[in-house]
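# Observations on the model geometry
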Amino acid sequence: MKQGRIIKGISGFYYVRTLGSDVYECKARGSFRNQGIKPLVGDMVEIEVVSEEDKTGNVMKISPRENALVRPTVANVDQAVMVFAMARPNPNFNMLDKLLVLAGQQEIPAVIVMTKTDLVGPGDIERVRDIYRASEYPLVFCSTETGEGFEDVRSLLSGKTSTVAGPSGAGKSTMINILAPHAQMETGEISKKIKRGKNTTRHCELIAIDDESFIVDTPGFSSLSEDCFVPEREVGNVGFIPVTCESLAGFFPEFLKYSDGCRFRGCTHIHEPGCAVKDALTEGLISDRRYLSYEQIFTELKDNNPY
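Given the structure is predicted, the values throughout are model-derived calculations rather than measurements. (Residues numbered from 1 in each chain as written. Predicted model: local features only at pLDDT ≥ 70, side-chain atom pairs only at ≥ 80, totals over all residues. Heavy atoms only, no water.)

Direction vectors running N to C along helix α2 (residues 93–105) and helix α9 (residues 288–304) enclose 70°, while the axes themselves pass 9 Å from each other. Taken together, α2 and α9 sit at an angle that is classed as roughly perpendicular. On α9, the residues that touch Phe93, Asn94, Asp97, Lys98, Leu100 and Val101 of α2 are Arg289, Arg290, Ser293, Gln296, Ile297 and Glu300. Residue classes in the contact of α2 with α9 are distributed as 4 nonpolar, 3 polar and 5 charged. (Axes fitted to C-alpha atoms, helices over the stretch in contact; angles between N-to-C directions. Helix = DSSP H or I, 4+ residues; strand = E, 2+ residues; numbered from the N terminus. Parallel < 35°, antiparallel > 145°, perpendicular 65-115°, else oblique. Contact = heavy atoms within 4.5 Å. Nonpolar A, V, L, I, M, F, W, Y, C, P; charged D, E, K, R; others polar.)

The tendency in soluble globular proteins is for nonpolar side chains to be buried as a group. One finds Val59, Met82, Leu96, Leu100, Ile112, Met114 and Tyr132 to be the most contacted residues of the largest nonpolar core, which totals 42 residues. Considering every element that reaches this core, the biggest residue donor is α2, with 6 residues. For Val59, the contacting residues outside a window of four places in its chain are Tyr14, Val16, Cys26, Lys27, Ala28, Arg29, Phe32, Val45, Glu46 and Ile47. Residues Phe255, Cys262, Val277 and Ile297 belong to the second largest nonpolar core, which totals 21 residues. (Core = buried A, V, L, I, M, F, W, Y, C linked by side-chain atoms within 4.5 Å. Buried < 20%, exposed > 50% of the residue type's maximum accessible area, 1.4 Å probe, protein only.)

Before going further, it helps to spend a moment on the packing of helix α4 (residues 150–157) against helix α5 (residues 172–179). Working note: a packed helix pair is described by the angle between its axes plus the distance between those axes. In contact at an axis separation of 11 Å, α4 and α5 are set at 85° when each is read in the N-to-C sense. The pairing of α4 with α5 is recorded here as roughly perpendicular in orientation. Contact residues: Phe150, Val153, Arg154 and Leu157 in α4; Met175, Ile178 and Leu179 in α5. Looking at the contact of α4 with α5 residue by residue, the classes come out as 6 nonpolar, no polar and 1 charged.

Once that is clear, we can look at the confidence of the model for the chain. Confidence in the prediction for the chain averages 84 pLDDT; 83% of positions are at 70 or higher. The low-confidence segment residues 185–201, where pLDDT is below 50, has 35 contacts with residues more than four positions distant or belonging to other chains. Below pLDDT 50 for its whole length, residues 220–240 participates in 59 contacts with residues either more than four positions away or in separate chains. (pLDDT = per-residue confidence, 0-100.)

Looking now at the pattern of salt bridges. Enumeration according to the criterion identifies 11 salt bridges in this entry. When the shortest N-O distance is used, the salt bridge between Arg133 and Glu126 registers 2.9 Å. On the basis of relative accessibility, which here comes to 46%, the residue Arg133 falls in the partly exposed class. Across the pair Arg154 and Glu151 runs a salt bridge whose closest N-O atoms are separated by 3.8 Å. Residue Arg154 and its partner Glu151 are both found in helix α4; the two are separated by 3 residues, about one turn of the helix. (Salt bridge = Lys/Arg side-chain N within 4 Å of Asp/Glu carboxyl O.)

The subject of this paragraph is the pairing of strand β3 (residues 23–28). Both strand β2 (residues 13–18) and β3 contribute to a ladder of 4 bridges, which runs antiparallel. Looking across to β3, one finds that Val16 is bridged to Tyr24. Pairing between β3 and strand β5 (residues 56–62): 4 bridges, direction parallel. Each bridged residue has a counterpart across the sheet, and for Cys26 the counterpart in β5 is Gly57. (Pairing = 2+ DSSP bridges.)

Another aspect to go through is helix α3 (residues 122–133). Residue pairs three or four apart in sequence face the same way in an α-helix, which turns once every 3.6 residues. Spanning 12 residues, α3 covers 16 Å between terminal C-alpha atoms, matching the ideal 16 Å at 1.5 Å per step. Along α3, the residues classified as buried are Ile125, Val128, Ile131 and Tyr132. All buried residues of α3 fall inside an arc of 115° around its axis, so they share one side. Every exposed residue of α3 that faces more than 90 degrees away from the buried side is listed here: Pro122 and Arg127. Contacts made by the buried residues of α3 are with α2, β9 (110–115), β10 (139–141) and α9. (Expected span 1.5 Å × (residues − 1). Arc of directions from axis to C-beta.)

Have a look at this one:
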């Protein structure tokens with residue numbers, strides 16, 4: 001038996017990198033299917049070697065997961081890296097904030113990487129910095145064209161397994177190509193007509209930046225953040241509990257600094273008098289843009305769960 005980690009899954013085959021850095025093409029035991037368990041990229045596993053020469057085997061055991069995401073379906077990540085462009089396409093802050101909520105719901109630390117800084121001015125960068133300053137999320141600005149900021153990106157990823165999320169066209173694949181040139185990922189061309197990238201990633205894969213740092217590239221998405229609002233479900237053997245109106249504020253870190261000062265216990269920070277969070281908003285201690293996202297997500301949750 002050998003121990004390793006699933007680095008890629010395609011059409012029922014799982015590619016396991018063992019402690020010696022060998023990669024084995026494996027099938028999963030039928031008992032997993034009977035138990036309703038599907039191996040995920042990122043799983044720590046034990047494999048039975050079928051052929052050392054052909055590097056084939058069978059996944060025999062899956063270790064308990066620290067965490068798992070619904071989409072991308074990946075397990076045991078240390079952090080979620082939200083990659084958004086400063087321009088072409090312009091950043092969708094509501095989508096970004098939903099993704100930050102989802103990471104918080106899964107108890108996965110989140111970091112923000114803003115790309116294409118070469119397309120904007122210093123004032124645009126400072127405005128984005130101001131939006132997230134109070135939230136204390138690590139925030140890095142970079143350009144794949146000039147290379148500016150990439151040492152900061154490497155530092156964020158060092159020694160961790162990171163999953164990447166963000167809209168098409170933000171430069172996720174290009175960024176990974178720079179960090180791990182051996183990945184030889186397709187970046188696709190940017191459509192001049194619609195100003196967004198074509199989805200070129202076809203499978204979920206754990207890519208080694210170095211011996212201790214991995215990044216999970218995943219298929220492009222259009223509704224990852226909507227998983228915040230789905231009914232409770234099972235993801236492999238990890239439960240997924242949706243975000244509610246009552247729990248939403250807990251995923252806005254800058255709110256937590258002030259919420260104890262609210263007049264009413266269980267304050268939603270929407271309409272109650274004596275709300276310390278809204279007082280902080282008025283004083284400029286909380287970003288207007290972040291609070292607007294909170295309002296929009298709260299309304300969406302309420303509309304989806306009227307009772």
